[in-house]
Amino acid sequence: MIWVWIAVIIAAVVVEAVSMQLLSIWFAIGGAAALITSFFTDSVAIQAVVFIAVSAAALVIIFPAVRKSLNKKSEKTNADRYIGKLAVVTEDISNINAKGQVKVDNQIWSARSDDGEELAVGTRVKVLRIEGVKLIVSAAE
């Protein structure tokens, strides 16, 4: 059975390498556990139970943590180009009332003041950063 478990491990790793979707790596882990078990017992039933149990445990325990860490990647967008640019307030900015808009490069964006200062229509502001879909601005000097 040693060669069977080695074949299972190799097949699972190859499928994972081709798909890169975290589909079969769990079976490689289970196959490794079954391979180790095969050194201690000739019982195919025990080896199969170890394979199934370890594969399932790896899927249930490790997969959520791996998926969570992989999803932390942020998508870069071209919106970063607005940071540092000057904009004009087109709707009064009031953090308290959760309203305000600016126009930068002919694009209208929701905006909030960095320091909570209310900014009137027509005020020139500088874009400091982007939080979600809002530009965070401060009065231009």
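Please refer to the structure placed before this passage.
Residues numbered from 1 in each chain as written. Predicted model: local features only at pLDDT ≥ 70, side-chain atom pairs only at ≥ 80, totals over all residues. Heavy atoms only, no water.

Participant: Would you explain the sheet that holds strand E1 (residues 86–94) in this entry?
Facilitator: Whether parallel or antiparallel, the strands of a sheet pair through hydrogen bonds between backbone atoms. Taken together, the 5 strands give a closed barrel; going around it, the order is E1-E2-E3-E5-E4, and neighbouring strands pair in mixed fashion. Direction aside, neighbouring strands of the sheet carry axes that sit 50° apart on average. Two strands pair when backbone bridges link them, and strand E2 (residues 99–104) and strand E3 (residues 107–113) are joined in this way by 4 bridges, in the antiparallel orientation. Bridging across to E3, valine 104 finds its partner in glutamine 107. (Pairing = 2+ DSSP bridges. Helix = DSSP H or I, 4+ residues; strand = E, 2+ residues; numbered from the N terminus. Axes fitted to C-alpha atoms, helices over the stretch in contact; angles between N-to-C directions.)

Participant: For this particular structure, what's the right way to read the pairing of strand E4 (residues 124–131)?
Facilitator: Along a regular strand, successive side chains alternate from one face of the sheet to the other. Sheet topology places E1 next to E4; 3 bridges connect them, and they run antiparallel. The residue of E4 that forms the bridge with leucine 86 is lysine 126. Alignment of E4 against strand E5 (residues 134–139), held across 6 bridges, turns out to be antiparallel. Bridge pairing in E5 links valine 125 to alanine 139. Adjacent in sequence and paired antiparallel, E4 and E5 are bridged by 2 residues, among which glycine 132 carries a positive phi angle near 65°.

Participant: I tried to follow the environment of alanine 7 on my own but got confused; where do I start?
Facilitator: Note that alanine 7 resides in helix H1 (residues 2–19). For alanine 7, a relative accessible area of 43% puts it in the partly exposed group. Linking alanine 7 and serine 24, residues 17 residues apart in sequence, is a C-alpha distance of 13 Å. (Buried < 20%, exposed > 50% of the residue type's maximum accessible area, 1.4 Å probe, protein only.)

Participant: Looking at this structure, how should I read a nonpolar patch on the surface?
Facilitator: Judged by side-chain polarity, Ile2, Trp3, Ile36, Phe39 and Phe40 come together as a nonpolar surface patch covering roughly 660 Å² of accessible area. With respect to the helices, strands and loops of the structure, phenylalanine 39 is situated in the loop between helix H2 (25–38) and helix H3 (44–70). (Patch = residues over 30% accessible without salt bridge, like charges linked within 9 Å, V, L, I, M, F, W, Y side chains within 5 Å. Areas by Shrake-Rupley, 256 points an atom, 1.4 Å probe, with all protein chains shown as cover. Salt bridge = Lys/Arg side-chain N within 4 Å of Asp/Glu carboxyl O.)

Participant: I would appreciate a short explanation of the pattern of salt bridges in the present structure.
Facilitator: Two side chains bearing opposite charge may form a pair once their charged atoms approach each other closely. Per the counting criterion, the structure on display carries 3 salt bridges. Two residues, aspartate 114 and arginine 129, come together in a salt bridge whose shortest N-O distance is 3.0 Å. Highlighted residues: aspartate 114 in the loop between E3 and E4 and arginine 129 in strand E4, separated in sequence by 15 residues. Residue classification places aspartate 114 among the partly exposed positions, given a relative accessible area of 38%. As a salt-bridge pair, glutamate 131 and arginine 129 come within 2.7 Å of each other at their nearest N and O atoms. Accessibility expressed as a relative area gives 42% for glutamate 131, which makes it partly exposed.

Participant: Can you help me understand the packing of H1 against H2 in this one?
Facilitator: Two numbers describe a pair of packed helices, the interaxial angle and the distance between the axes. Direction vectors running N to C along H1 and H2 enclose 165°, while the axes themselves pass 8 Å from each other. Relative to H2, H1 is oriented roughly antiparallel. Of the two possible hands of crossing, H1 and H2 adopt the one that is left-handed. Residues Ile2, Trp5, Ile6, Val8, Ile9, Ala12, Val13 and Glu16 of H1 form the contact with H2, whose participating residues are Ile25, Phe27, Ala28, Gly31, Ala32, Ala34, Leu35 and Ser38. Considered class by class, the residues forming the contact of H1 with H2 number 13 nonpolar, 2 polar and 1 charged. (Parallel < 35°, antiparallel > 145°, perpendicular 65-115°, else oblique. Left-handed = near helix turned anticlockwise from the far one by under 90°. Contact = heavy atoms within 4.5 Å. Nonpolar A, V, L, I, M, F, W, Y, C, P; charged D, E, K, R; others polar.)

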